[in-house]
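Chain by chain, the residues:
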Amino acid sequence: PGSGVAAFCKTRVSSSEPLISVPKKLLLTNNLAREHFGIQKKSGSRNPNVFLQLYLSKLKFDGACDNAKFFKPYLDILPSGREVGSPYFWSPEEMDLLKGTDLFLKTKRNLANLVQEWFEGITQINQVTADAKAFYDLFANSGIDTVDYLEEKVIPKWNSFPAYLWSTVIFTSRAFPQILLDQEATQDINEAFLFPIVDLLNHRNNTKVEWAADYKASALTFSTKETLNEGDELLNNYGDKSNEELLLGYGFALENNDFDVTTVTLKLPLDSIRKAQVFGVSLNTDDIIDDSINFCLSSSQPLPGTLISLFSFLCKLKSETSLSLRSTLEGLDQLYSVLDQKLSFFKSSSKIASTTIKSPAILKQVKVYKNSQKRIFQESCDAVLKHQKELLKKYKPLS
C-alpha cells in the first residue's frame, strides 16, 4: 500500500547480476519516432525528444497508429497526467497552494515554454489542425493560464497540447539517457528513450543501481548493488533531484531530501549588477535575468560566499575601495532581512488551513515541499547569524 506499481523481491538478492533484461525491440526511441514521421533531421527545439513525445502521444491516443497494438500492453499501464501528480495537471485552486513559491513560477513558465515547443513540433510534422492553431493563438494572444484548459473529459486528439503535455510528463518521469543505447551516436546528452518495465520501479535517494547494455542479447539490463531480503522493494535511483524537480517530473516530493534546493531572487538595477562584476564579485551570468539575479541555497550550501560578497558590495561606501568589515556586517544584516522574510512566508504558508482541495495526496506533497523550503531558509538564516558572530569574534575589539 502506498507504493503504487512496484517490484518486490521473492528471494534474497545479494549479487550484482542483472535482475531485469528488456529486449531492445520493446524500447521507445527517437529513431522510431523519426522513422514514423519521415524526418531525417533532429528537432530544432532545445528538447531533442519532441518527435518521440509526439510519437508517444500518437501511440496512446491514435489507435490507427502503426505499432500502437504492439506497444498497447505498455501504454495501458501508463498513468494519466493527473495520476502522475505533476503540478502541470493540477487545478487552478490546487496551484494556488503554491503561490509565492519558486515552484509556482516555474510551473507557469514551463507550461508556456511547452506550448511553444508543442506547436513548433506539430508544425514540423505538418499536423497543425484548426483546433491546435486556435489553442495556440488563444495562448499567444491572451497569455491564458494553460492549466485552466487541461481538464478534458474526453480522450484528447493525439496532436493536441493536452496529449503532448501528458507525454511530456510521462517522459520526464520515465525516460532514460540515450547514451545507454549508443554512446558514439548520441550527440545530445538530453536525448532519451523509454525503458518499459524498469521505468515502473520506484525511487530512493542514494540507491546503488546499474543500467547496462547487453549487446549479445540485444537488450538492456537493470541490476542493483544493494543487498535485499525477501519482501524488500526493488528500487531505482532517478538521480540527485530537488523536490521541485521531483514534483514537476514525477509528482512527489521527499521529506528530508538531501538534494533539495531553493532560490533567492534579487531585483537590482542592471547597472548595479555590472558594477559588482567589475568590482570582482563573481556572479554567474547564467543566473542573471534582466534586472534580477538568482542565488541557489541548499542544506550543503545555505550561505554562498558570492551572496555575502554581493550584499557587502551593495553596502560599500563610495569612499571604500574594498569590501570592509563594516560593509560586510551591514550587508549580512540586510541579507538576513531578505532571508527572514522568505522564512516567515513559508512558516505561515506551510500551515494549510481547512481547504476545498479534495486530494489528500496533493495536500501532502505541498506540505512536504513547503516544509523543505522552510528548512533551507531556516538554515540560511542560522548561517548568517553564525557568520556574523564569527566575524565579530575574529575582529574583536572593533575599532
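Before reading further, recall that the structure is shown in the block above.
As the structure is a prediction and not an experimental result, all values here were calculated from the model.

Criteria and thresholds
Counting restarts for each chain, with residues numbered from 1 along the sequence as it is written. Per-residue local features are limited, in this predicted model, to residues with pLDDT of at least 70; the limit for side-chain atom pairs, both in listing and counting, is 80 or more; totals at the level of whole chains, interfaces and linings are taken over all residues. As a rule here, side-chain values come from all non-hydrogen atoms in the structure, and water together with hydrogens is ignored. A helix here means a DSSP run of H or I that spans at least four residues, while a strand means a run of E at least two residues long, and both kinds are numbered starting from the N terminus. Each residue gets one of three labels from its accessible area relative to the maximum for its type: buried under 20%, exposed over 50%, partly exposed in between, using a 1.4 Å probe on protein chains only. Contact between two residues is taken to exist if any of their heavy atoms lie within 4.5 Å; hydrogens are not considered. Values of accessible area rely on a 1.4 Å probe in the Shrake-Rupley scheme; residue burial ignores everything except the protein chains shown. In summary, the charge assignment counts Lys and Arg as positive and Asp and Glu as negative, without counting His or the chain termini. All charge positions are set by atom: Lys at NZ, Arg at CZ, Asp at CG, Glu at CD. Pairing of aromatic side chains here covers Phe, Tyr and the six-membered ring of Trp, requires ring centres within 6.5 Å, and sorts the geometry by plane angle: under 30 degrees stacked, over 60 edge-to-face, intermediate tilted. Here an axis means a line fitted to C-alpha atoms, over the contact stretch when the element is a helix, while the angle between two N-to-C directions is reported on a 0 to 180 degree scale. Roughly parallel covers angles under 35 degrees, roughly antiparallel covers those over 145, roughly perpendicular covers 65 to 115, and oblique covers all other angles. Within this document, salt bridges are pairs made up of a side-chain nitrogen of Lys or Arg and a carboxyl oxygen of Asp or Glu, the two lying within 4 Å of each other. Only strands that DSSP links by at least two bridges are regarded as paired with each other.

Caption draft 1: Focus on the overall build of the protein chain. For the protein chain, the helix and strand inventory stands at 13 helices and 10 strands. Taken over the C-alpha atoms alone, the protein chain extends approximately 80 × 60 × 50 Å along its principal axes. For the protein chain, the proportion of its 399 residues judged to be buried stands at 47%. Restricting the contact set of the protein chain to residue pairs at least 6 apart, pairs at least 24 apart contribute 67%. Just so you have it, the protein chain exposes about 21,100 Å², and 51% of that area is on carbon and sulfur atoms. The positive charge centre, built from 46 side chains, and the negative charge centre, built from 47, are 3 Å apart in the protein chain.

Caption draft 2: Quick look at unusual backbone geometry. Within the chain, Asn206 stands out as a residue other than glycine whose phi angle is a positive 70°. Relative to the helices and strands, Asn206 is located in the loop between strand S4 (192–194) and strand S5 (209–214). Residue Asn256 is not a glycine yet carries a positive backbone phi of 55°. Mapped onto the secondary structure, Asn256 falls in the loop between helix H9 (243–250) and strand S8 (261–267).

Caption draft 3: Up close: the packing of aromatic side chains. According to the stated counting rule, one finds 18 aromatic pairs in the structure shown. Ring centres of Phe176 and Phe195 lie 4.9 Å apart, and the angle between their planes is 75°; on these two criteria the pair is classed as edge-to-face. Here Phe176, found in strand S3 (residues 175–177), pairs with Phe195, found in the loop between S4 and S5; they are 19 residues apart in sequence, far enough to count as distant. Residue class for Phe176 comes out buried when judged on its relative accessible area of 5%. For Phe195, a relative accessible area of 0% corresponds to the buried category. Ring geometry for Phe345 versus Phe346: centroids 5.0 Å apart, planes at 75°, classification edge-to-face. Phe345 sits in the partly exposed class, given a relative accessible area of 26%.

Caption draft 4: Main features of the packing of helix H2 (residues 50–61) against helix H3 (residues 68–77). One way to put it is that H2 packs onto H3 with a least axis distance of 9 Å and a crossing angle of 90°. With respect to each other, H2 and H3 are oriented roughly perpendicular. Judged by residue contacts, Leu56, Leu59 and Lys60 of H2 engage Ala68, Phe71, Leu75 and Asp76 from H3.

Caption draft 5: Quick peek at the side chain of Ser242. Structurally, the position occupied by Ser242 is in the loop between strand S7 (233–234) and H9. Judged by its relative accessible area of 4%, Ser242 is buried. Those residues in contact with Ser242, other than ones at most four positions away along the chain, are Asn257, Phe259, Asp260 and Val261.

Caption draft 6: Region of interest: the pattern of salt bridges. This structure, assessed with the given rule, holds 14 salt bridges. Lys99 is the partner of Asp96 in a salt bridge, and the nearest nitrogen-oxygen pair spans 3.6 Å. In this structure Asp96 comes out as partly exposed when scored by relative accessible area, which is 42%. Residue class for Lys99 comes out partly exposed when judged on its relative accessible area of 47%. Because the salt bridges share partners, they merge into one network encompassing Glu320, Arg326 and Glu330.

Caption draft 7: Region of interest: the sheet that holds strand S2 (residues 20–23). Across the sheet, which stays open at both edges, the 3 strands sit in the order S2-S6-S5 with antiparallel pairing between neighbours. Two strands lie at the open edges of the sheet, namely S2 and S5, each paired on one side alone. Looking at each pair of strands side by side, their axes are set apart by 20° on average, direction ignored. Here S5 pairs with strand S6 (residues 219–224) via 6 bridges, running antiparallel. Bridge assignment links Glu210 to a residue of S6, and that residue is Ser223.

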